[in-house]
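Here is what each chain is made of, one letter per residue.
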2 protein chains.
Amino acid sequence: MNIEMIRAAAERLEGHARRTPLLSSPFIDHLAGRRVFIKAECLQHTGSFKYRGGYAAVSALDPDTRASGVIAFSSGNHAQGVALAAAQHGVPSVIIMPSDAPRLKIENTSAFGAEVVLYDRATEDRDAIGEAMAKDRGLTLIKPFDEPQVIAGQGTTGLEIAAQARLEGVETADVLVCCGGGGLTSGIALALEADAPGLRARPVEPFGFDDATKSLAAGSIQRNARMSGSLCDAIVTPQPGDLTFPIMQRLCGSGLVVTDQEALRAVAQAFLRLKIVLEPGGAVALAAALFRRDQIEGDAVIVIASGGNVDLDIYEQALKTLKS
Amino acid sequence: MNIEMIRAAAERLEGHARRTPLLSSPFIDHLAGRRVFIKAECLQHTGSFKYRGGYAAVSALDPDTRASGVIAFSSGNHAQGVALAAAQHGVPSVIIMPSDAPRLKIENTSAFGAEVVLYDRATEDRDAIGEAMAKDRGLTLIKPFDEPQVIAGQGTTGLEIAAQARLEGVETADVLVCCGGGGLTSGIALALEADAPGLRARPVEPFGFDDATKSLAAGSIQRNARMSGSLCDAIVTPQPGDLTFPIMQRLCGSGLVVTDQEALRAVAQAFLRLKIVLEPGGAVALAAALFRRDQIEGDAVIVIASGGNVDLDIYEQALKTLKS
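Per chain, residue numbering runs from 1 following the sequence as it is written. The lettering of chains begins at A and the numbering of ligands begins at 1, in the order of writing. Residues qualify for local features only when their pLDDT is at least 70, as the model is predicted, and side-chain atom pairs are given and counted only at 80 or more; totals for whole chains, interfaces and linings, by contrast, use all residues.

A. Focus on the sheet that holds strand 1 (residues 22-23) of chain A. Residue and element names in this part refer to chain A. The strand order across the open sheet formed by six strands is 1-2-10-7-8-9, and the pairing between neighbours is mixed. This sheet does not close on itself; its edge strands, each paired only once, are strand 1 and strand 9 (256-258). A pair of strands is treated as paired once DSSP finds two or more bridges between them. By the criteria applied, helices consist of DSSP H or I runs no shorter than four residues and strands consist of E runs no shorter than two, each listed in order from the N terminus. Alignment of strand 2 (residues 35-40) against strand 10 (residues 300-305), held across six bridges, turns out to be parallel. Among the inter-strand pairings, Val-36 is bridged to a residue of strand 10, identified as Val-301.

Right, dumping it as structure tokens:
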């Protein structure tokens, strides 16, 4: 896993992935007590950064292997990314999703042409299901984060941030990344190491599902006690990956943790001040900028707004926070 | 009023206005029956394209004149654009707003440092109030649309569309523009004439406030019967401008008209499929692409999503359309 793989992924993504804007608002700056730059990956194809990793991985397969099709397991954003990338390459995809995933994500994954297989998050092991199906049908498994080409694809976000931060005159800053298994966080960390060494990636997680934060503090991989019960479904994973954790350990600053309620308030501020739609899991980095000011250094901070595939009732709940 | 003024405005706006992305979604394409490209000006500073015209006009003043300050009358988006542009030039601004303008727009205009003066839209003449105050205090009036430098600033949107459409391989298409007094529509029309002659601007208006559409059909300026009663407050104006109408007449295709309910449904689709926040007046062009398919030609259409400064209760009303 190295920077050359990220640069190669960026070349394959050229003309496919969208170069998302780096947004800002004086109102957000005021709330956060420093300049805040928001990398709006919710505007990426499929509504999240996951399209980058999905496309990078599918495009990296040799054509014969790819022709048999791909399989992925995901709560929804990786699912959509892989499904669209497979469709764009004209190959079949099977996506294994938890039965409690947001309905919108399940519907979209089907709409992108994937065969969707649901499983019970509490009682079944998605890895075992995925590997068995991959073997049965000759599908190539595209893991959601612990896979070099996926990390390389997500890392292209970091190449763009390095260039965009330079244009804004930001040379030293924390880069807060919504973190599940660490694919985006480790990919961005590698890209920043090469292209913007003054920028430092830091994972942000929901309270109770802070495996990366705890792992970084302990110096070894720690596992979450639970796997459900967060509004931030997009970034709930059992533990950091075997590939992603060593990268995070070498390059990242300490993790930050926010509550579901803070994530909802960040969703509402993104609506009000940035005019972008975020899901709670895609808003935890913005929440950390707004509500963990004392844990951040410097006069500027960059946050990833990683996804916007939110169900309507959750979004209405977020908007209600503006009334209190 | 010519293309050179638009190019000069683009140079002054460089490093200030945001180059907004051209978005798309296969789901929107499916609903519209053709490819739809959405120019997301809701992501512009102040949440609407009006910042372009405001900044272009304030930056065009000679420094001595500018130092005395500027004045504008607006239902809210032009207000915010001029207020922010004045603040960035370090000069005072007075903004005259209707008392029934969305609360968010009034609050933001104050927050950008402007002195806000409210008037009654039904009984008072905003032009008369504005001109009197301008005279009393030595302020320069920045009209919302019938002003060459404002048209030039809005026209920079068209320069970007011309370049972005070329990258997408779109050479011939209607460009649907949310239309109030015609500043954005005429500016874009002039830019397209120069840089993308296969693209044709067409105004889109709310039902009952379709002065531009009627004027284009009649060949002379027509006035709306009413001045209030639309959810699309951003684009309710008495009639096309004396400067903007001749440009529209020479360059634009026929106008399109949508209902408030269709505008709300477009706001909801922008939430669901594009992850951008629109106000109803900023969504009428998207509504026309979705609900006036038969009145549009070609296999692709470009729409301007012109603003996102929406009050919460209206937005909740829009999201409810997804449940029916």
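B. Quick peek at the domain arrangement of chain A. Residue and element names in this part refer to chain A. The split into domains, and so the bounds of each, comes from an automatic or database assignment of domains. One can read the domain layout of chain A as domain 1 (3-49 + 148-320) and domain 2 (50-141). One C-alpha centre belongs to domain 1, the other to domain 2, and the line joining them spans 23 Å. Counting residues at the interface gives 25 residues for domain 1 and 23 residues for domain 2. Among the elements of the structure, helix 1 (3-13) and helix 8 (148-167) are those that each provide at least two residues to the side of domain 1 that touches domain 2. Element by element, the count of residues in the side of domain 1 that touches domain 2 is highest for helix 8, at seven residues. Whether two residues are in contact is decided by their C-beta atoms, placed from the backbone, lying within 7 Å.

C. A look at the packing of helix 12 (residues 260-274) of chain A against helix 13 (residues 284-291) of chain A. Residue and element names in this part refer to chain A. Interaxial angle, 0 to 180 degrees, is taken between N-to-C directions of lines fitted to C-alpha atoms, where a helix line uses only the stretch in contact. The N-to-C vectors of helix 12 and helix 13 enclose an angle of 95°; their axes lie 8 Å apart at closest approach. With respect to each other, helix 12 and helix 13 are oriented roughly perpendicular. Side by side, helix 12 and helix 13 meet where Glu-262, Ala-263, Arg-265, Ala-266, Gln-269 and Ala-270 of the first sit next to Val-284, Leu-286, Ala-287, Leu-290 and Phe-291 of the second. Every angle not falling under 35 degrees, over 145, or within 65 to 115 is termed oblique; those three ranges are roughly parallel, roughly antiparallel and roughly perpendicular.

D. How the structure looks around the relation of the copies chain A and chain B. For the pair chain A and chain B, the best superposition has an RMSD of 0.0 Å and corresponds to a rotation of 180° with a translation of 0.0 Å parallel to the axis. Here the two chains are linked by the operation of a two-fold rotation axis. Of the C-alpha atoms belonging to chain A, the one lying closest to the rotation axis is found on Ile-276 of chain A, 2.3 Å away. Looking at chain A, 100% of its interface residues are interface residues in chain B too, so the copies touch through the same face. Least-squares superposition aligns the copies on the C-alpha atoms of those residues with pLDDT at or above 70 in both.

E. Representation of the pairing of strand 3 (residues 70-73) of chain B. Residues and elements named next belong to chain B. Of the two faces of strand 3, both are covered, the one formed by Val-70 and Ala-72 as well as the one formed by Ile-71 and Phe-73. Summarising the sheet, strand 3 and strand 4 (residues 93-98) pair through four bridges and their orientation is parallel. Each residue of the ladder has a partner; that of Val-70, found in strand 4, is Ser-93. By convention, a crossover is right-handed whenever its connection, traced from the first strand over the helix to the second and viewed with the strands pointing away, goes clockwise. Between the parallel elements strand 3 and strand 4, the chain passes through helix 5 (residues 77-88) in a crossover that is right-handed. Put simply, a residue is buried when 20 or more other C-beta atoms lie within 10 Å of its own C-beta and exposed when 12 or fewer do; between those, it is partly exposed, and each C-beta is set from the backbone.

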